2 protein chains.
Amino acid sequence: MRIGVLGTGMAGRAIGSRLVELGHEIRLGARSAGNPGSLDWLRQAGGSASAGTFADAASFGERIFNCTAGMHSLDALGAAGAENLAGKLLVDVSNPLDYSGGALPSFAVSNTDSLGEQIQRAFPDARVVKSLNTMNNAVMVKPALVPGEHVVFVCGNDATAKQEAADLLGQFGWPDERILDLGDISAARGTEMYLALWLRLWGAIDATHFNIAIARA
Amino acid sequence: MRIGVLGTGMAGRAIGSRLVELGHEIRLGARSAGNPGSLDWLRQAGGSASAGTFADAASFGERIFNCTAGMHSLDALGAAGAENLAGKLLVDVSNPLDYSGGALPSFAVSNTDSLGEQIQRAFPDARVVKSLNTMNNAVMVKPALVPGEHVVFVCGNDATAKQEAADLLGQFGWPDERILDLGDISAARGTEMYLALWLRLWGAIDATHFNIAIARA
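Residues numbered from 1 in each chain as written. Chains lettered and ligands numbered in written order. Predicted model: local features only at pLDDT ≥ 70, side-chain atom pairs only at ≥ 80, totals over all residues.

Q: How should I be thinking about helix α8 (residues 159-172) of chain B in this particular structure?
A: Since the α-helix turns once every 3.6 residues, residues separated by three or four places project in the same direction. Residues and elements named next belong to chain B. Taking 1.5 Å per residue as the helical rise, α8 with its 14 residues ought to reach 20 Å, and the 20 Å between its terminal C-alpha atoms agrees with that figure. Listed as buried for α8 are A161, K162, A165, L168 and L169. For α8, the buried positions fall inside an angular range of 120° around the axis, keeping them on one side. Those residues of α8 that are exposed and angled more than 90 degrees off the buried face are A159 and T160. Residues of α8 that are buried in the fold lie against β5 (89-92), β8 (127-131), β9 (152-156) and β10 (179-181). (Helix = DSSP H or I, 4+ residues; strand = E, 2+ residues; numbered from the N terminus. Expected span 1.5 Å × (residues − 1). Buried ≥ 20, exposed ≤ 12 C-beta atoms within 10 Å, placed from the backbone. Arc of directions from axis to C-beta. Contact = placed C-beta atoms within 7 Å.)

Structure (structure tokens):
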């Protein structure tokens, strides 16, 4: 499958590399085609990998991952082009973390709205599924790095899109029973605001390879 | 030990009853001494239990639990009296959930502040520890209701107060290794905003007896 991955940070590169490993054709998208992060990634990613602008990656992909920094996601998706996102699964991995205030980030959007919802509203023809934003990028694509029955969340307004996202998560190594459907895209409020707890857990655990599991009666 | 429990809702009554069962002397506090919830609780709680106003309960207790509804916690603690809270452990179980907008609550405070921090600022001589606010009230006081290595969080500015809180959590049944110290009281932002995820998990799991565990490498 041809997949466009927007964003050349840690998450975009990890997801891009894993999808190449799984046999997909990946195009990594950045603000400019000659982005140093893209070129560095291309050297490691191997044969079927390519890189270009956000629009190049979005038009190439049958499915799209948004791995851009949350503060810039709406701009990046605008540059990708609504026409290149229309009708496609758009897995939104971003978090609206604003680091401008110092070490502890705040949320650029939270409480009664979320970045996932903003993206779905701005690109109504894209089929947005929020997922994978609740953990370290290495764990996203190789959940077996962390033992135990830890979980990944999906939410979105399109049930078929959630199934397509779950299929990709399954390829990453997530068993069906550990993919939790939280409902419509407004559940992105919960998975994005969870980052405030995640950041403090990161500090308390002093390691990035962790995730939450749901214990139930 | 004499413990004051502020609030006659589900959490206050569950915590009050469990503390009576553990052999402590409990006074439940409400806006008025003749609160129907208090009287109903008194009939069930047995010998060492008593009830009164917020001030009665706070002056009685060597340690205090704030189990009032988050929207009213600052008022309730004001009625309890700063002088009755000074120097004491104040375990803050509240969440600033505002249900006035409809079925899905929003947060009255979030992102760059939290109710835990507001309480600590308003009552600087109280030793505030945020805890237990991330789960159903039955699970708070009997963690064995849910199998597995699920966790409870503590945060606060006073290390001794956190140890006192952990001792009470231990009496409820929380083993030391499942009591996670997230740092100072600003970590309350994370545990309070987690409620947005908790509410969606509640919907997805369709049961209240659940909690999160931390899987780690």
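Q: Looking at this model, I keep getting lost on the relation of the copies chain A and chain B. Mind explaining?
A: Superposition record for chain A on chain B: RMSD 0.0 Å, screw rotation 180°, translation along axis 0.0 Å. The superposition operator between the copies reduces to a two-fold rotation axis. (Least-squares fit on C-alpha atoms with pLDDT ≥ 70 in both.)

Q: What exactly am I supposed to notice about the sheet that holds strand β3 (residues 49-53) of chain A here?
A: Each strand in a sheet pairs with another by means of backbone hydrogen bonds, the pair being arranged parallel or else antiparallel. All names here are of chain A. Ordered in space as β3-β2-β1-β4-β5-β8-β9-β10, the eight strands form an open sheet in which the pairing is mixed. At either margin of the open sheet sits one strand with a lone partner, and together these are β3 and β10 (179-181). In this sheet, neighbouring strand axes are inclined to one another by 25° on average, regardless of whether the strands run parallel or antiparallel. As judged from the four bridges shared by strand β5 (residues 89-92) and strand β8 (residues 127-131), these two strands associate in the parallel manner. Bridge assignment links V91 to a residue of β8, and that residue is V129. Packed onto the sheet, helix α6 (residues 115-122) meets β5 and β8 and runs at close to 170° relative to β8. (Pairing = 2+ DSSP bridges. Axes fitted to C-alpha atoms, helices over the stretch in contact; angles between N-to-C directions.)

Q: How do you make sense of the interface of chain A and chain B when you look at a structure like this?
A: The extent of an interface is frequently quoted as the accessible surface area lost upon association of the parts. Contacts between chain A and chain B engage 38 residues on the former and 38 residues on the latter. Where the side of chain A that touches chain B is concerned, the elements lending two or more residues are β7 (106-107), β10, α9 (188-205) and β11 (210-216) of chain A. The element best represented in the side of chain A that touches chain B is α9 of chain A, accounting for 13 residues. In terms of strand pairing, β11 of chain A meets strand β11 (residues 210-216) of chain B through seven bridges, oriented antiparallel. Within β11 of chain B, the residue paired with A215 of chain A across the bridge is N211 of chain B.

Q: Honestly, the confidence of the model for chain A in this entry has me stumped. Any pointers?
A: Reading predicted coordinates in detail is not appropriate for stretches of low pLDDT. Here chain A averages 96 in pLDDT, and 100% of its residues register 70 or above. Per-element confidence in chain A is highest for β8 of chain A, whose mean pLDDT is 99, and lowest for helix α2 (residues 36-45) of chain A, whose mean pLDDT is 92. (pLDDT = per-residue confidence, 0-100.)

Q: In this structure, what is going on with the packing of α9 of chain A against helix α9 (residues 188-205) of chain B? I would like to understand it.
A: Axis angle and axis distance: for two packed helices, these are the angle between their axes and the distance between the axes, and together they describe the pair. Running from N to C, α9 of chain A and α9 of chain B cross one another at 145°; their axes reach a closest spacing of 7 Å. The chirality of how α9 of chain A crosses α9 of chain B is left-handed. Contact with α9 of chain A, carried on its side by R189, G190, T191, M193, Y194, A196, L197, L199 and R200 of chain A, involves R189, G190, T191, M193, Y194, A196, L197, L199 and R200 of chain B of α9 of chain B and no other residues of that element. Along the lines of polarity and charge, the residues of the contact of α9 of chain A with α9 of chain B split into 10 nonpolar, four polar and four charged. (Left-handed = near helix turned anticlockwise from the far one by under 90°. Nonpolar A, V, L, I, M, F, W, Y, C, P; charged D, E, K, R; others polar.)

Q: Before we go on, may I ask you to explain the nonpolar core in this structure?
A: For soluble globular proteins, the rule of thumb is that nonpolar side chains tend to be buried together. Judged by nonpolar contacts, the single largest core of 136 residues is most densely connected at L6 of chain A together with L6 of chain B. Sequence-distant contacts of L6 of chain A, defined by excluding residues within four places in its chain, comprise G12, G29, F54, A57, A58, I64, F65, N66, C67, T68, A76 and A80 of chain A. (Core = buried A, V, L, I, M, F, W, Y, C linked by C-beta atoms within 7 Å.)

Q: I'm lost on the pairing of strand β2 (residues 25-30) of chain A in this one. Help?
A: Residues in a regular strand project their side chains so that they alternate between the two faces of the sheet. Residue and element names in this part refer to chain A. Among the six residues that make up β2, five are buried, leaving the element largely enclosed by the rest of the structure. As paired elements, strand β1 (residues 2-6) and β2 share five bridges and run parallel to each other. Note that in β2 the partner of I3 across the bridge is I26. Taken together, β1, helix α1 (residues 10-21) and β2 form a β-α-β motif whose crossover is right-handed. (Right-handed = clockwise from strand over helix to strand, strands pointing away.)

Q: Whenever I open this one, the pairing of strand β4 (residues 63-66) of chain A confuses me. Can you help?
A: Residue and element names in this part refer to chain A. Going residue by residue along β4, you find R63 and F65 tucked away on one face and I64 and N66 tucked away on the opposite face as well. Sheet topology note: the β1/β4 ladder contains four bridges and is parallel. Of the residues in β4, the one forming a bridge with I3 is R63.

Q: Hey, could you run me through unusual backbone geometry in this one?
A: A negative phi angle characterises most non-glycine residues, just as the trans form characterises most peptide bonds. Non-glycine residue D206 of chain A carries a positive phi angle of around 60°. Positionally, D206 of chain A belongs in the loop between α9 and β11. Residue classification places D206 of chain A among the exposed residues on the basis of 8 C-beta atoms within 10 Å. Located in the positive-phi region is N111 of chain B, a residue other than glycine, with phi close to 65°. Examined against the element boundaries, N111 of chain B turns out to sit in the loop between β7 (106-107) and α6 (115-122). For N111 of chain B, a count of 17 C-beta atoms within 10 Å translates into the label partly exposed.

Q: Would you mind going over the sheet that holds β9 of chain B with me for this structure?
A: All names here are of chain B. With mixed pairing, eight strands are arranged side by side in an open sheet as β3-β2-β1-β4-β5-β8-β9-β10. Bordering the open sheet on either side are β3 (49-53) and β10, each of which pairs with just one other strand. Strand-to-strand twist across the sheet, computed as the mean angle between neighbouring axes with direction ignored, equals 25°. Where strand β2 (residues 25-30) and β3 come together, five bridges link them in parallel fashion. In the sheet register, I26 faces β3, and the bridge partner there is A49. Strands in contact with α6 are β5 and β8; relative to β8, the strand with the most contacts, it is inclined by about 170°.

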